[in-house]
Amino acid sequence: MRFYQAFRREWMTNVPTEVLSGVLVALALIPEAIGFSIVAGVDPKVGLYASFSIACVTAVLGGRPAMISAATASTAVLMIALVRDHGLQYLFAATVLMGLIQVAAGAARLGLLMKFVSRSVMTGFVNALAILIFLAQLPQLTHVGWETYAMVGAGLAIIYLFPYVTKRVPSALVSIIVLTAFTLWSGIKLRTVGDMGELPSSLPFFAIPQVPFNLETLRIILPYSLAMAAVGLLESLLTASIVDDMTDTGSNKNRECVGQGIANFITGFLGAMGGCAMIGQSVINVTAGARTRLSTFFAGGFLLFLIVVLGEWVKQIPMAALVAVMIMVSISTFNWSSIVNLRSHPLSSSVVMLATVVVVVATRDLSMGVLTGVVLSGVFFAAKVARLLGIATELSDDGREITYFVTGQVFFASSNSLVDAFDYQEVPERVRIDVSDAHFWDITAIGALDDIVLKLRRHGAQVELIGLNQASATMVERFGTHHKPNVRQKPAH
């Protein structure tokens, strides 16, 4: 009974909307998959078959319903050297290994690492992808006639105005149908999907990559597989978090890792390239009203139907219609409130967000941008916590005893401040260090405590440490030296 309820919830809710959303996504996937195949230096069918396979498998096994996964630019750019230097079969083998690595990552619960990605990094990631989606449309808008601009404008008008008529049918799908029909009726010469590359006319089939099964092959493909697996998981998990926010629902990040891995593993045996989640197509899907796995599965299946059965019709779709859809996606994806928030949010948060955007857009490398944002977030957080460390003193009436009261978090970023807060020149007979309101987090903090105690002892003071909480006391017992006998003390100078 529970399985049946879960199946209905994840597959059979609002079926007409899910199907129409899948149709729209399938149409939007075609030029993207062809373009990414060209980037990787492979035949267009390699990207198209990948989009079909990855979408269908992740729909069933992934952890985020309604998210679209397919061939992507972020993984395609990592394949260029492998295809150029070793050939297509090594790409298929690398894709299989990529899948195994991602399954292992899911089994190791690495999806939990998303907890360390701050909101500022997420906002920067989203804004950067929105900019990249828009920039990717510019080649279709250069060296073209006024008819193309008119068609794009008409497409955007339909997309934004048709919902006032009805929301039962995705306005982007209506735009594609209307503009395609108008182009065929009027005979206007525009760039079409057929100009992007040849569409396959046969179904993909299972085949083992034709590479030697030895350590030399592993040495060649392992670096590429690791890079593709890491970038693929990073983009997939970030996209899953974005879809979580858009739909006000949660997702299983570890299951998503495993689902992505199995999808890429199978895809490698179908003669296709690796991929991951696509934020642009996911936004299209969710904006069109999709919320379940059915939309993703139907998008993959209908994509294969379009290219194999309806290929001659698909070739005639004007690129202007799809460009209009993708411009809408870039506008919808960009977090416009983040611009206004630059004036009100903390400077550190704004710097992290802008740094993520700049690095992603400049390098076209999502992993570098997110890594930059995460590192900056860590640095700013450590600096902020370090400033919360406080040291107060209390000298006895006879001047023979001083008590240092330490409050706050002691770790690598604040340990130097702790050491510098003590007076090692005018040291009374007895020194008490009260750390009741402090916590020692790492061996750097314990090392700083050792330095303080040993320095004071070298100046002849009797040092008493009080108030250690249980966790800090355990750290001191394991890693500290000041409380152990025969600790070598240098004479004071």
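From a predicted model like this one, the values you see are computed outputs, not experimental measurements.

About the cut-offs
Residues numbered from 1 in each chain as written. Predicted model: local features only at pLDDT ≥ 70, side-chain atom pairs only at ≥ 80, totals over all residues. Heavy atoms only, no water. Pairing = 2+ DSSP bridges. Helix = DSSP H or I, 4+ residues; strand = E, 2+ residues; numbered from the N terminus. Right-handed = clockwise from strand over helix to strand, strands pointing away. Polar contact = N/O pair within 3.5 Å; in protein donor to acceptor, adjacent residues only side chain to side chain. Contact = heavy atoms within 4.5 Å. Buried < 20%, exposed > 50% of the residue type's maximum accessible area, 1.4 Å probe, protein only. Patch = residues over 30% accessible without salt bridge, like charges linked within 9 Å, V, L, I, M, F, W, Y side chains within 5 Å. Areas by Shrake-Rupley, 256 points an atom, 1.4 Å probe, with all protein chains shown as cover. Salt bridge = Lys/Arg side-chain N within 4 Å of Asp/Glu carboxyl O. Core = buried A, V, L, I, M, F, W, Y, C linked by side-chain atoms within 4.5 Å.

Enquirer: In this structure, what is going on with the pairing of strand 5 (residues 430-440)? I would like to understand it.
Expert: Looking down a regular strand, the side chains alternate between one sheet face and the other. Where strand 4 (residues 401-410) lies against strand 5, 9 bridges are found, and the strand directions are parallel. Bridge pairing links Y404 to I433 in strand 5. Viewed along the sheet, the connection from strand 4 through helix 19 (residues 415-420) into strand 5 turns out right-handed. Crossover strand 5 to strand 6 (residues 462-466) through helix 20 (residues 443-458) is right-handed.

Enquirer: How should the side chain of S415 be read in this particular structure?
Expert: Considering the arrangement of structural elements, one finds S415 in helix 19. At 3.3 Å, the side chain of S415 forms a polar contact with the backbone oxygen of F412. Ignoring any residue separated from it by four or fewer positions in sequence, one finds S415 in contact with V410, T444, A445 and A448.

Enquirer: Help me understand the environment of G232, please; the structure alone is not making it clear to me.
Expert: Here G232 lies in helix 10 (residues 215-247). Among the residues examined, G232 registers a relative accessible area of 0% and is labelled buried. In this view, G232 contacts T75, Q102 and C276; residues no more than four positions away in its chain are not counted.

Enquirer: Would you explain a nonpolar patch on the surface in this entry?
Expert: On the surface, Y160, L161, Y164, I331, W336, I339, L342 and L354 cluster together to form a nonpolar patch covering roughly 850 Å² of accessible area. Counting through the fold element by element, L342 comes out in the loop between helix 16 (337-340) and helix 17 (347-363).

Enquirer: Can you help me understand the pattern of salt bridges in this one?
Expert: Oppositely charged side chains may form a pair once their charged atoms are brought near each other. Scanning the model with the defined rule gives 10 salt bridges in all. Between D244 and K253 there is a salt bridge, and its shortest N-O distance comes to 2.8 Å. With respect to class, D244 is no different from K253; both count as buried. Two residues, E401 and R430, come together in a salt bridge whose shortest N-O distance is 3.0 Å. Remark: R430 occurs in strand 5 and E401 occurs in strand 4; sequence separation between them is 29 residues. When its relative accessible area of 19% is taken as the criterion, E401 is described as buried.

Enquirer: Can you walk me through the nonpolar core in this structure?
Expert: The tendency in soluble globular proteins is for nonpolar side chains to be buried as a group. In this structure, I30, F125 and M273 are the most contacted members of the largest nonpolar core, which totals 102 residues. Broken down by element, this core gets its largest block of residues, 12 residues, from helix 2 (residues 15-40). In contact with I30, other than residues within four places in its own chain, are L48, V193, L199, L303, L306, I307 and V314. Counting 26 residues, the second-largest nonpolar core is a separate cluster that includes Y404, V410, F422 and A438.

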